[in-house]
Each structure stands twice: as structure tokens, then as C-alpha cells.
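# Commentary on secondary and tertiary structure
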Amino acid sequence: MEPSQIIAPSILAADFARLAEEVHAIEGAADWVHVDVMDNHFVPNLTIGLPVVQSLRKATSIPFDVHLMITDPERWAPGYAEAGAYNVTFHAEATDDPVALAKTLRAAGAKAGLAIDRDTSVEPYLDLLPHVDTVLIMTIKAGFGGQKFLPETLDKVRAVRRRITADNLEVRLEVDGGIAADTIEQAAEAGADAFVAGTAVYGAQNPAEAIRKLRALAGGVG
Ligand code: DX5
Ligand code: ZN
């Protein structure tokens with residue numbers, strides 16, 4: 001059983017030279033490890049890819065939440081599922097057929113996530129919710145960690161939460177970008193139940209303690 005609220009630290013803010021240690025530092029405190037894959041095409045930044053995920057998968061038992069900020073997700077997403085990712089999220093803006101890709105991911109053994117970037121409206125995607133396991137609403141513009149949280153994006157969180165409730169769907173509603181002690185409460189109030197935090201966790205003196213504080217602010221018990 002998953003806890004009611006998920007805290008997913010993003011290793012984008014970790015020390016890439018010590019990735020395994022950085023993940024060990026959040027074991028027992030984090031629910032998922034958020035892995036930001038960027039290709040310098042979909043977003044103007046380049047991070048890590050499949051070989052790193054394959055190696056890191058062996059170093060920890062925390063479920064991986066892979067966030068693909070890449071063009072042509074059909075080409076790469078299944079590989080992350082096969083590498084043992086728990087959830088693989090691709091961007092709505094990067095594919096013409098999100099339902100087909102979600103199906104492929106589920107067949108490959110992962111949960112399927114649909115991400116909505118800052119400038120994309122969520123309305124066209126609300127009817128697809130029964131086909132995905134996770135919806136990730138960007139609370140910044142995708143591409144870089146350490147940006148300022150944009151409260152206006154929470155209207156999209158509210159719209160997705162309304163649909164999940166109305167249709168009694170089993171969908172995780174995740175927020176990503178600028179989530180910290182001063183923003184997580186608003187995101188939780190808007191209806192989010194999974195919270196990505198990079199800087200707020202790995203920029204802290206004690207990452208595990210930072211996670212516990214975030215969880216308390218989000219109102220989670222688990
Ligand atoms: C940005 C990434 C985020 C990023 C969040 O495009 O998707 O996951 O790591 O970093 P913070 O929490 O620092 O905003
Ligand atoms: Zn992310």
C-alpha cells in the first residue's frame with residue numbers, strides 16, 4: 001500500500017558524483033526518488049539517462065519516479081520501465097498519443113504518468129485520466145531546478161482533483177517545481193497528493209529531516 005501522501009525528492013539537486021550515497025541519505029524518509037531525465041531538446045538542459053537509472057536502481061530499494069523531459073518519449077520510455085522504474089512520466093506536449101504510450105508503459109510493468117508543463121492547459125487531457133496512473137502538474141516551467149513556485153498553476157491541480165473525485169479515479173496527482181516548506185501546503189490544499197522537492201531536500205543540511213518536515217506540512221500521516 002502506498003502512503004496517502006508521497007514525498008519524492010529530486011536527485012537533480014543532489015551531488016551527481018555521489019548519487020548512491022545521496023539516495024541512501026533519504027532511505028526510510030522518502031517514498032519515491034524523482035529522476036529528472038532531460039535531453040536538451042524538449043527542454044534546454046541535459047541531465048541523466050537510462051544507464052544511470054539502470055546503475056542506480058541496483059543501489060536502493062526506493063521506488064523510482066522517472067520524469068522524462070524528452071522529445072520522442074515512445075523511443076525511450078519503455079526502457080525505463082524495463083529498468084525497474086515504478087512510475088514513468090512523459091510530457092503531454094511531447095507525444096501525439098498519450099493513451100497508447102501509457103498502455104505500453106503499463107505493459108512493461110510500470111505505472112504511467114502524464115506531465116503538463118507550465119504553459120499547457122489541462123482541460124484537453126481530463127478525459128484521458130482513466131488511462132494513466134499519475135498526473136504531474138509542473139508548478140514551474142520544466143527544465144531547471146531551483147525555480148520559484150508559480151501559484152497560478154494550482155488551478156490545474158484543482159481541475160484534475162475535481163475530475164479524480166467526480167469520477168472516483170485512482171490517479172496520483174503530483175506537483176513538481178519550487179515545492180518547499182513555504183509552498184507545499186498550498187499545493188496540498190489544491191489537491192496534490194505527491195510532491196517533488198529537489199532544492200528543498202538536497203539543499204538542506206539534513207535531507208531526511210527536510211522530508212519529514214515537508215510531509216508534516218502536507219498533512220500526510222504515512
Ligand atoms: C525541473 C524538474 C524538477 C526539479 C525540481 O524541470 O522537473 O523535478 O528537479 O527542483 P526544485 O524542487 O528545486 O524546484
Ligand atoms: Zn521533475
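The structure presented is a predicted model; accordingly, all values stated were derived computationally and were not measured.

## Here's the deal with the site of ligand 1
Lining the immediate surroundings of ligand 1 are 21 residues, of which Asp-36, Asp-176, Gly-178, Gly-198 and Thr-199 lie closest. Here Gly-198 contributes a backbone N or O atom positioned 2.7 Å from an oxygen atom of ligand 1. The side chain of Thr-199 places a nitrogen or oxygen atom 2.4 Å from an oxygen atom of ligand 1. A total of 380 Å² of accessible area belongs to ligand 1 in isolation, and the protein chains cover 98% of it. Mapped by element, the contributors of at least two residues to the shell around ligand 1 are strand S2 (33-38), strand S3 (64-69) and strand S8 (194-197). Ranked by residues supplied to the shell around ligand 1, first place goes to S2 with three residues.

## Regarding the UniProt feature "binding site: a divalent metal cation" (unreviewed entry) in the protein
The feature "binding site: a divalent metal cation" (unreviewed entry), as annotated in UniProt, sits at His-34, Asp-36, His-67 and Asp-176 in this numbering. A compact arrangement is adopted by the annotated residues: their sequence extent is 143 residues, whereas the largest C-alpha distance between any two is 10.5 Å. Relative to the elements of secondary structure, His-34 occurs in strand S2. Residue classification places His-34 among the buried residues on the basis of a relative accessible area of 0%. Those residues in contact with His-34, other than ones at most four positions away along the chain, are Ala-8, Pro-9, Ser-10, Ile-11, Asp-65, His-67, Leu-136, Glu-174, Asp-176 and Val-196. Following the sequence through the fold, Asp-176 ends up in strand S7 (residues 172-176). Under the relative-accessibility criterion, Asp-176 is labelled buried at 7%. With sequence-adjacent residues up to four places away left out, Asp-176 is seen in contact with His-34, Asp-36, His-67, Leu-136, Ile-137, Met-138, Thr-139, Ile-140 and Val-196. Polar side-chain contacts of Asp-176 include one of 3.1 Å to the side chain of His-67.

## Notes on the side chain of Arg-172
Along the polypeptide, Arg-172 turns up in strand S7. Judged by relative accessible area, Arg-172 falls into the buried class, the value being 10%. One polar contact links Arg-172 to Glu-2, side chain to side chain, over a distance of 2.9 Å. Within the structure, Arg-172 has its side chain in polar contact with the backbone oxygen of Asp-193 (distance 3.0 Å). With residues up to four places along the chain from it excluded, the contact list for Arg-172 reads Glu-2, Pro-3, Ser-4, Gln-5, Ile-6, Trp-32, Asp-133, Thr-134, Val-135, Asp-193 and Ala-194.

## A word on helix H3 (residues 73-82)
Since there are 3.6 residues in each turn of an α-helix, residues three or four apart along the chain are aligned in direction. Listed as buried for H3 are Pro-73, Ala-77, Pro-78, Gly-79, Tyr-80 and Ala-81. Buried positions along H3 lie against S2, helix H2 (50-57), S3, strand S4 (87-91) and helix H4 (98-107). Just beyond H3, the residue with positive phi is Gly-84, at close to 105°.

## Some remarks on the coordination of the zinc ion (ligand 2)
Within the first shell, the zinc ion (ligand 2) binds the protein through His-34 (NE2), Asp-36 (OD), His-67 (ND1) and Asp-176 (OD), at distances of 2.1 to 2.3 Å. Bound by six donor atoms, the zinc ion (ligand 2) shows angles of 72 to 170° at the metal and therefore octahedral coordination geometry. Counting residues between consecutive donors of the zinc ion (ligand 2) along the chain gives the motif H-x1-D-x30-H-x108-D. Highlighted residues: His-67 in strand S3 and Asp-176 in strand S7, separated in sequence by 109 residues.

## What about the packing of aromatic side chains?
The geometry of an aromatic ring pair is captured by two quantities: the separation of the ring centres and the angle between the planes. On inspection of all chains with the given rule, the structure shows one aromatic pair. Ring geometry for Trp-32 against Tyr-86: centres 5.7 Å apart, planes inclined by 55°, an arrangement best described as tilted. Of the two residues, Trp-32 sits in the loop between helix H1 (19-24) and S2 while Tyr-86 sits in the loop between H3 and S4, which places them 54 residues apart along the sequence. Here Tyr-86 falls in the partly exposed class, since its relative accessible area comes to 26%. Seen from the ring of Phe-64, Arg-57 lies directly overhead, with NZ or CZ sitting 4.0 Å from the centre. The side chain of Arg-75 reaches across the aromatic face of Trp-76, ending 4.1 Å from its centre.

What counts and what doesn't
- Residues numbered from 1 in each chain as written.
- Chains lettered and ligands numbered in written order.
- Predicted model: local features only at pLDDT ≥ 70, side-chain atom pairs only at ≥ 80, totals over all residues.
- Heavy atoms only, no water.
- Near = heavy atom within 4 Å.
- Polar contact = N/O pair within 3.5 Å; in protein donor to acceptor, adjacent residues only side chain to side chain.
- Areas by Shrake-Rupley, 256 points an atom, 1.4 Å probe, with all protein chains shown as cover.
- Helix = DSSP H or I, 4+ residues; strand = E, 2+ residues; numbered from the N terminus.
- UniProt positions renumbered as here; feature names shortened; annotations may be inferred.
- Buried < 20%, exposed > 50% of the residue type's maximum accessible area, 1.4 Å probe, protein only.
- Contact = heavy atoms within 4.5 Å.
- Donors = N, O, S within 2.8 Å, 3.2 Å for Na, K, Ca; no water.
- Tetrahedral: all angles 85-135°; square planar, octahedral: opposite > 155°, others 65-115°.
- Phe/Tyr/Trp six-rings, centres within 6.5 Å; stacked < 30°, edge-to-face > 60°.
- Lys NZ or Arg CZ within 6 Å of the ring centre and 35° of its normal.

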